[in-house]
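Observations on chain architecture
Chain by chain, the residues:
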Amino acid sequence: MNAPMPNGQPSADLCTCGGPTGLPAPAVPPDAVQVTGDARPDGPTALSVVLLGTGAGPYPAPGRQGASTAVVVGDRTYLVDAGYGALRKYAQAGLRLSDLRAVFLTHLHSDHTADLFNLFLLGWGPANHGVNQPVHIAGPGPDRTLPGHPQPGTEGMLTHLLAAFGQDVAVRLRTSTRTPLAELVRPHDLVSPPVGQDLLVYEDDRVRVTAREVPHPPLHQSFGYRFETEEGVVAVSGDTAYSDSVGELAAGADLLVHETMEPDFYRGLGYSDRLLDFLTASHTAPADVGRLATAAGARRVALSHIGPPDPREVGDDDWTRKVAATYTGPVVVGHDLTRLVPLH
């Protein structure tokens with residue numbers, strides 16, 4: 001494993017790509033490259049990561065949209081979560097839905113799933129490089145710990161969504177020659193692995209993806225994912241409190257994409273004690289992100305699922321300073337359409 005670069009020495013492989021947000025453009029290191037088009041890397045096994053959406057929470061905020069991260073290997077895309085705005089950001093990044101191979105849901109909160117079905121409903125069919133082959137969707141199973149009847153998991157959610165939009169789907173099948181949508185959407189409920197063990201959730205000739213459960217109470221299941229490729233290793237924490245499980249998932253990773261939240265910010269906004277307790281118990285403060293990355297030996301950290309999400313409320317320097325207090329490697333404060341390439 002290569003030694004981490006000293007903090008404050010940005011590498012030339014950090015790019016920010018995408019369209020305007022209505023806010024001032026985020027600061028980009030002077031040796032970075034600005035790109036506005038195709039985010040796919042060159043070469044069949046080349047690796048890049050695009051932070052499509054980097055905001056925390058279901059309420060829309062200026063500057064950042066819902067959580068979604070694309071791991072791109074050559075001409076194949078693997079997506080972690082699909083929060084609100086994910087489809088638009090996917091298109092702005094120059095990614096093709098025909099290249100989408102799998103979606104991995106960390107958990108079933110709405111800010112991670114709101115745009116999931118839109119990937120297929122709006123991006124279905126061979127026109128405009130849309131989805132035209134099966135896409136595997138892995139995520140949590142049913143939750144029997146919630147009040148009332150058991151709540152559906154990933155498979156149940158997609159089954160209900162296909163039924164809810166059945167009229168639209170049927171009309172489009174009648175008016176065009178395309179593969180039935182139900183044959184392209186391949187959901188799979190994940191079974192929790194034993195504590196401290198990885199769960200293999202997907203593998204092809206480009207990538208091997210494993211998952212571990214991470215603590216995001218009160219949810220019954222929440223997962224982090226590790227992507228192993230020829231060009232490097234990427235770990236994505238999902239929503240989680242500080243956890244050794246994430247550290248083990250990210251061991252020696254070239255890039256750790258980790259959520260972060262600053263609960264103290266919300267104390268002055270009239271949030272209830274119950275909600276503040278939830279935020280503290282189920283998310284990771286920036287200094288703890290640094291501690292975890294240091295323990296894991298991660299070469300680089302990118303912050304995503306950032307709360308508060310509005311960059312005018314907490315600036316990049318504040319996030320970086322808090323992570324850098326416990327981590328000496330390079331820190332990227334994620335903004336929508338931030339791209340990192342190469343990673344290895």
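Residues numbered from 1 in each chain as written. Predicted model: local features only at pLDDT ≥ 70, side-chain atom pairs only at ≥ 80, totals over all residues. Heavy atoms only, no water.

**Section: the nonpolar core**
Formed by 31 residues in total, the largest nonpolar core has its most connected members in Leu52, Leu79, Val103, Leu116, Leu119 and Phe120. Those elements that place two or more of their residues in this core are strand E3 (47-53), strand E4 (68-73), helix H1 (86-92), strand E6 (100-104), helix H3 (116-121), strand E7 (135-140), helix H4 (154-164) and helix H6 (181-184). Residue contributions to this core peak at five residues, all from H3. Not counting residues within four places of it along the chain, the set of residues in contact with Val103 comprises Leu79, Leu116, Leu119, Val135, His136, Ile137 and Ala138. One finds Val73, Tyr78, Val207 and Val332 within the second-largest nonpolar core, a separate group that totals 27 residues. (Core = buried A, V, L, I, M, F, W, Y, C linked by side-chain atoms within 4.5 Å. Buried < 20%, exposed > 50% of the residue type's maximum accessible area, 1.4 Å probe, protein only. Helix = DSSP H or I, 4+ residues; strand = E, 2+ residues; numbered from the N terminus. Contact = heavy atoms within 4.5 Å.)

**Some remarks on the packing of aromatic side chains**
To describe a pair of aromatic rings, one takes the distance between the centres and the angle between the planes. Inspection of the entire model under this criterion finds six aromatic pairs. With a centroid separation of 5.5 Å and an interplanar angle of 35°, the aromatic rings of Phe117 and Phe165 are classed as tilted. Here Phe117, found in helix H3, pairs with Phe165, found in the loop between H4 and helix H5 (166-175); they are 48 residues apart in sequence, far enough to count as distant. A ring pair is formed by Phe223 and Tyr225, whose centres lie 6.5 Å apart and whose planes are at 40°; its orientation type is tilted. As far as burial versus exposure is concerned, Phe223 and Tyr225 are alike and both buried. For Arg178, the ring lying beneath its charged end belongs to Trp124, and the centroid distance is 4.5 Å. (Phe/Tyr/Trp six-rings, centres within 6.5 Å; stacked < 30°, edge-to-face > 60°. Lys NZ or Arg CZ within 6 Å of the ring centre and 35° of its normal.)

**A closer look at the pairing of E3**
Moving residue by residue along a regular strand, the side chains alternate between the two faces of the sheet. Most of E3 is tucked away, with seven of its seven residues classed as buried. Pairing of E3 with E4, which is carried by six bridges, proceeds in the antiparallel orientation. Within E4, the residue paired with Ser48 across the bridge is Val72. Pairing between E3 and strand E16 (residues 338-340): three bridges, direction antiparallel. The residue bridging Val49 from the neighbouring strand is Leu340, located in E16. (Pairing = 2+ DSSP bridges.)

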